[in-house]
Amino acid sequence: QVQLVESGGGLVHAGDSLRLSCVASGRAFSDYAVGWFRQVPGKEREFVAAIISHTGRIGYADSVKGRFTISRDNAKNTVYLQMNSLKPEDTAVYYCAADRTGTTWRSQGNWGQGTQVTVSS
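What comes next is a walk through the structure. Quick caveat, the model's predicted, so the values are computed rather than measured.

Reading guide: rules and limits
- Residues numbered from 1 in each chain as written.
- Predicted model: local features only at pLDDT ≥ 70, side-chain atom pairs only at ≥ 80, totals over all residues.
- Heavy atoms only, no water.
- Disulfide = S-S within 2.5 Å.
- Helix = DSSP H or I, 4+ residues; strand = E, 2+ residues; numbered from the N terminus.
- Buried < 20%, exposed > 50% of the residue type's maximum accessible area, 1.4 Å probe, protein only.
- Phe/Tyr/Trp six-rings, centres within 6.5 Å; stacked < 30°, edge-to-face > 60°.
- Lys NZ or Arg CZ within 6 Å of the ring centre and 35° of its normal.
- Pairing = 2+ DSSP bridges.
- Axes fitted to C-alpha atoms, helices over the stretch in contact; angles between N-to-C directions.
- Salt bridge = Lys/Arg side-chain N within 4 Å of Asp/Glu carboxyl O.

Here we look at the state of the cysteines
A complete count under the given rule lists one disulfide for this structure. Between the sulfur of C22 and that of C96 lies a disulfide, 1.9 Å long from S to S. Residues C22 and C96 share a disulfide whose torsion about the S-S bond is about 50 degrees; that sign makes it right-handed. Separated by 74 residues along the polypeptide, C22 in strand β3 (residues 18-25) and C96 in strand β9 (residues 92-99) bring together distant segments of the chain. Assigned by exposure class, C22 and C96 land together as buried.

Points about the packing of aromatic side chains
Scanning the entire structure with this criterion turns up three aromatic pairs. In this structure an aromatic cluster arises from ring pairing among F37, F47, W105 and W111. A cation sits over an aromatic face here: R45 above W111, 4.8 Å from the ring centre. Lying over the aromatic face of Y32, R100 brings its terminal NZ or CZ to 5.2 Å of the ring centre.

Quick notes on the sheet that holds β3
Taken in spatial order, the four strands of this open sheet run β1-β3-β8-β7, and their pairing is antiparallel. What marks the edges here is a single partner per strand, and that holds for β1 (3-7) and β7 (68-73). For this sheet the average axis-to-axis angle between neighbouring strands, irrespective of direction, equals 15 degrees. Direction of pairing for β3 relative to strand β8 (residues 78-83): antiparallel, over a ladder of six bridges. Residue pairing in the sheet places L18 in a bridge with M83 of β8.

Focus on the pairing of β3
Both β1 and β3 contribute to a ladder of five bridges, which runs antiparallel. Residue pairing for β3: E6 is matched across the bridge by C22.

As for the pattern of salt bridges
All chains considered together, the criterion is met by four salt bridges. For K65, the salt bridge is made with D62, and the minimal N-O distance between the two is 3.2 Å. Residues joined in a network through salt bridges with shared partners are R38, E46, R67 and D90.

Quick word on unusual backbone geometry
A positive phi angle is found at N77, which is not glycine, with a value near 50 degrees. Of note, N77 is situated in the loop between β7 and β8. Taking the relative accessible area as the measure of exposure, N77 reaches 27% and is therefore partly exposed. Of note in the backbone geometry, S85 takes a positive phi value of approximately 50 degrees without being a glycine. Locating S85 in the fold gives a position in the loop between β8 and β9. Residue classification places S85 among the partly exposed positions, given a relative accessible area of 40%.

Shown next as structure tokens:
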């Protein structure tokens, strides 16, 4: 079991940047794949970015490629999402997640409480 707490969301203007942070506790964080997902009311939660620990691969949704960067600091048990060139369509609640395999996020993953990102036009 891993407990996750997100922070860093806020209200920004289109073109601005934000960095989200997610601090983990409870288990060996470095053993987990970590990722960011986002959700808008009335829509299903969608994948944004992830680092898959067993492969070392980093993946991004097409909608954020070239703008968002995911990183992790195992010493601080923290995962980050640097978001640049924000667009109004990036507005959502952003959640971090940790999963042992990187393939079972929704069924067996650990999730944070979410942080709101709002981008005005």
